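This is what each chain is made of:
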Amino acid sequence: MASAVRRHTRKFMSETESTPTPSPAIAPEAAPAAAPAPAASAAPTLTFADFGLAPEIQRALTDQGYTRPTPIQEQAIPVVLQGRDVMGAAQTGTGKTAGFSLPIIQLLMAHASSSMSPARHPVRALILTPTRELAVQVAENVKAYAKHTPLRSTVVFGGMDMKPQTVILRGGVEIVIATPGRLLDHIEQKNISLSQVQMLVMDEADRMLDMGFLPDLQRIINLLPKQRQNLMFSATFSPEIKKLAATFLNDPLTIEVARSNQTADKVTQVVYKVTEDQKHALVAHLLRQRDLKQVIVFSNTKIGASRLARVLEQEGMSATAIHGDKSQQERMAALEAFKKGEIDVLVATDVAARGLDISDLPCVINFDLPYNAEDYVHRIGRTGRAGASGDAISIYSDKDERLLVDIEKLIKQSIKRGELTGFNPAPARSSDSERRPPRRAEGGEARPARAPESRHAGDSSRDSRSAERGARPAFGPGARREKADPWFLKPYEPAKAAAPAAASMAPVAAKPKQKVAALLGGLLKQ
C-alpha cells in the first residue's frame, strides 16, 4: 500500500511539474513590434482528480458538488497520502474535515472488504473530537465521502444509550469517530479493540485540553499500536497543544494556510457597549432591526442561555437554547430544527462552537464575551464559511473590558466599536422603596417614614379599619394574622415532682451492684 501511495504521489508531482506553460494571449491593438518577454505563468488550479483518489471517492465528491480543494486540503491531502504525521492549522470553515477524511478513506481502500464477517472490518482509523456535535458533523462527512465504498464508519458519544452503539461496533467498522469519554466506556466493556488502528486523528485538540480530556487522551494513546500515522487539526495551536503534539507525533509536518488565530477576512466584526441589564434588550433590538434569521447567540453560562431564549420567546421570536444540561436528543432535535429553518435564533454555550457547519449562516452574536480568547475565533467561525461573508456582533459592558483586550491581542487586530441607532431600552427596574412615592398628608406635606418597630403596633386599630380598606394581602407586613392556639403561647413550666408512690417503688427497681458487675465482666470473687 505504501508503494502504491508513493507512485500516486510521484505521478501527481510529475504531472504538476511537467504541465506546459500556456503562452499569454495578446490583443492585436496592444501588441508591440518586438517580441514580448515570456510572462510568468499562473500556477495551475488543482482539482480533486489531481490527487489520484479512487473513483468511488471521486463519485462521492461529485455528488457533494466539490471540484476544487481548499488551501488546507490542497496542502494536507498529498502529505497525508505519503503517510507522514501532520499538524494542520487553518481558519474555521475552510474544510479541515475533508483534509484528513479523504486521504484516510483512500488509504483504507486497500483493506476494503464486502464480507459480512466482523473480523474483516477491524477499526483501522480513529478520529477523536471534543464535543458530540462535532463528532456527529465529522461522521456525516465521512459517511458521505465513503458511501460508494465498502468501508464502514460509525460515531460514538455520550448522552445516548450504549446498546445501539455496541451492536454497530461489534458488527465491525473501519472508521470510528468518538468522544474520549464514551470511547473509554466501550473499551472497558470490551466492545471495541484498538489493536489494529493505523491512523489517529485529533480534531480540535485545543478544545480537548480546555475540557480536561488530557488524561483520557493519554489512556487512549497507550492502547494504540506504536506504529501508526498521527494527524492533528485545529483552528488554533496554543503552546500546550504543541507540547502535547511533541509527545506522540513523529516528525510532523506543520501546515498553516493562515496566520495562527486569524479570523476570516470576510467576517465583519463589531462590538457594542451597553450596561449589563441592557444586553437582553439589545439582542432583541438587533434581531428586529436587521431582520436576522438563522442566528446563533453565544452565552457563557447554561442559565444565561436558557434565560435569554425565554426572553426572546416572550418578545415573539422563535428561539431555543442548547447547552450541557439538555439531553442529547433535545440538542440534536434543536439543531435539526435550526438547520431546517423552523427556529430562527439558537442560543448556545461553547458546546456548540465547534463543528457546526450550517450553510448560509448570516450572523453570530456574542451575548457574553468568552473567557477564553481562542473561543472567540471558533464562535465567529460559524459564519463566513467556505468563502461566504458574514457578521460577528459582540456585546460587552464595563466588566468585560479585559476580555475584549485579550481577544484583540490574540487576533492582532482592533474590533470596530459600533454606534447604536434607534435603541431606547426601558429604564432598569428599581427597588420598591425607590418606585413608591411618599405618602402625603391632607395638608400636602409628606408623612414621615414609619419606624420598623412600630410596624406591629396598633394591630387592634388596623383590624377595625380592615373592612374599609378591603382584603389584606396573604403575606407581608400587612397580612392578616390568624388566631393562635393559646396553648402554644403558655410560658415554660418545669415538670412536677414525682408522686410518693413512685418514690416508694424506686428501691425495688434498683439493681444490685453485683448484677451490674456481672454484665460488665463477671462477679468479683469473695
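Residues numbered from 1 in each chain as written. Predicted model: local features only at pLDDT ≥ 70, side-chain atom pairs only at ≥ 80, totals over all residues. Heavy atoms only, no water.

**Section: the overall build of the protein**
A count of helices and strands for the protein gives 20 helices and 14 strands. Residue burial in the protein is summarised as follows: out of 526 residues, 42% are buried. Long-range contacts, defined here as pairs at least 24 residues apart, represent 74% of the contacts in the protein between residues at least 6 apart. Accessible area for the protein stands at about 30,100 Å²; split by element, carbon and sulfur atoms hold 53% of it. (Helix = DSSP H or I, 4+ residues; strand = E, 2+ residues; numbered from the N terminus. Buried < 20%, exposed > 50% of the residue type's maximum accessible area, 1.4 Å probe, protein only. Contact = heavy atoms within 4.5 Å. Areas by Shrake-Rupley, 256 points an atom, 1.4 Å probe, with all protein chains shown as cover.)

**Brief notes about the packing of helix α14 (residues 373-380) against helix α15 (residues 401-411)**
Contact geometry of α14 with α15 gives a least axis separation of 8 Å together with a crossing angle of 70 degrees. Judged by the angle between their axes, α14 and α15 are roughly perpendicular. Residue-level contacts link Ala373, Glu374, Tyr376 and Val377 of α14 to Asp406, Ile407, Leu410 and Ile411 of α15. Of the residues that constitute the contact of α14 with α15, the class distribution is 6 nonpolar, no polar and 2 charged. (Axes fitted to C-alpha atoms, helices over the stretch in contact; angles between N-to-C directions. Parallel < 35°, antiparallel > 145°, perpendicular 65-115°, else oblique. Nonpolar A, V, L, I, M, F, W, Y, C, P; charged D, E, K, R; others polar.)

**Side note on the packing of aromatic side chains**
Enumeration over the complete set of coordinates arrives at 2 aromatic pairs. Judged by centre distance (6.2 Å) and plane angle (65 degrees), the rings of Phe48 and Phe51 are edge-to-face. If you follow Lys279 out to its NZ or CZ, it ends over the ring of Phe367, 5.7 Å from the centre. (Phe/Tyr/Trp six-rings, centres within 6.5 Å; stacked < 30°, edge-to-face > 60°. Lys NZ or Arg CZ within 6 Å of the ring centre and 35° of its normal.)

**Things to note about the sheet that holds strand β7 (residues 253-256)**
Reading across from one edge, β3-β4-β2-β5-β6-β1-β7 is the order of the 7 strands in this open sheet, with parallel pairing throughout. In this open sheet, the two edge strands, each paired with only one partner strand, are β3 (153-156) and β7. For this sheet, the mean angle separating the axes of adjacent strands, direction not counted, is 15 degrees. Pairing geometry for strand β5 (residues 199-203) and strand β6 (residues 229-234), over 5 bridges, is parallel. Looking at the pairing, Asp203 lines up with Phe233 of β6. Its contacts with the sheet place helix α4 (residues 96-108) against β2 (125-128), β4 (175-178), β5 and β6, and it is angled at close to 170 degrees to β5. Against the sheet, helix α10 (residues 239-248) contacts β1 (86-89), β5 and β6, and its axis sits at roughly 170 degrees relative to β6. (Pairing = 2+ DSSP bridges.)

**Description of the packing of helix α7 (residues 180-188) against helix α9 (residues 214-222)**
The geometry of α7 relative to α9 is characterised by a closest axis approach of 10 Å and an angle of 45 degrees between their N-to-C directions. In terms of orientation, α7 lies oblique with respect to α9. For the pair α7 and α9, the crossing hand works out as left-handed. Packed against α7, whose contacting residues are Pro180, Gly181, Leu183, Leu184 and Glu188, the element α9 presents Asp216, Leu217, Arg219 and Ile220 at the interface. Of the residues belonging to the contact of α7 with α9, the class tally is 5 nonpolar, 1 polar and 3 charged. (Left-handed = near helix turned anticlockwise from the far one by under 90°.)

**Here's the deal with the pattern of salt bridges**
In the structure shown here, the tally under the stated rule is 19 salt bridges. For the salt bridge of Arg290 with Asp391, the shortest nitrogen-to-oxygen distance reads 3.8 Å. Residue Arg290 is found in helix α11 (residues 279-290), and its partner Asp391 is found in strand β13 (residues 390-396); the two are separated by 101 residues along the sequence. Residue classification places Arg290 among the partly exposed positions, given a relative accessible area of 30%. Connected via shared salt-bridge partners are Glu276, Lys279, Asp368, Lys399 and Asp400. (Salt bridge = Lys/Arg side-chain N within 4 Å of Asp/Glu carboxyl O.)

**Quick notes on the confidence of the model for the protein**
Detailed conclusions should not be drawn from predicted coordinates in areas where pLDDT is low. A residue-level look at the protein finds 68% of positions with pLDDT of 70 or above and a mean pLDDT of 77. Per-element confidence in the protein is highest for β4, whose mean pLDDT is 97, and lowest for helix α16 (residues 432-435), whose mean pLDDT is 44. Confidence drops under pLDDT 50 across residues 1-43; counting only partners more than four residues distant or on other chains, this segment forms 18 contacts. (pLDDT = per-residue confidence, 0-100.)

**A word on the nonpolar core**
Core analysis: the largest hydrophobic core is formed by 38 residues, its most contacted members being Phe100, Leu102, Ile104, Ile127, Ile175, Ile177 and Leu231. Of all elements in the fold, only α2 (55-64), α3 (71-81), α4, β2, α5 (132-145), β4, β5 and β6 reach the threshold of two or more residues within this core. Per element, the largest residue contribution to this core is 7 residues, and it comes from α4. The contact partners of Leu102, leaving out residues within four places of it in the chain, are Phe48, Ile57, Leu61, Ile77 and Tyr145. Among the nonpolar cores identified, the runner-up in size contains 32 residues, and Met87, Leu184, Ile192 and Phe213 belong to it. (Core = buried A, V, L, I, M, F, W, Y, C linked by side-chain atoms within 4.5 Å.)

**Here we look at the side chain of Gln294**
Relative to the helices and strands, Gln294 resides in the loop between α11 and β9 (295-298). A polar side-chain atom of Gln294 sits 2.6 Å from the main-chain carbonyl oxygen of Phe338. (Polar contact = N/O pair within 3.5 Å; in protein donor to acceptor, adjacent residues only side chain to side chain.)

**Here's the deal with α15**
Of the residues making up α15, those classed as buried are Leu403, Leu404, Ile407, Glu408, Leu410 and Ile411. Each buried residue of α15 lies within a common arc of 160 degrees when the element is viewed along its axis, so the set occupies one face. Residues of α15 that are exposed and angled more than 90 degrees away from the buried face: Arg402 and Lys409. Buried-residue contacts for α15 involve β8 (267-273), α14, β13 and β14 (416-417). Looking at the residues trailing α15, positive phi occurs at Lys412, about 60 degrees. (Arc of directions from axis to C-beta.)

**Describing α4**
Between its first and last C-alpha atoms α4 spans 19 Å; for 13 residues at 1.5 Å apiece the expected length is 18 Å, and the two agree. With 13 of its 13 residues buried, α4 lies for the most part within the structure. (Expected span 1.5 Å × (residues − 1).)

**Here's the deal with the pairing of β4**
Of the two faces of β4, the one carrying Ile175 and Ile177 and the one carrying Val176 and Ala178 are both buried. As judged from the 4 bridges shared by β3 and β4, these two strands associate in the parallel manner. Its bridge partner being in β4, Val156 is matched across the sheet by Ala178.

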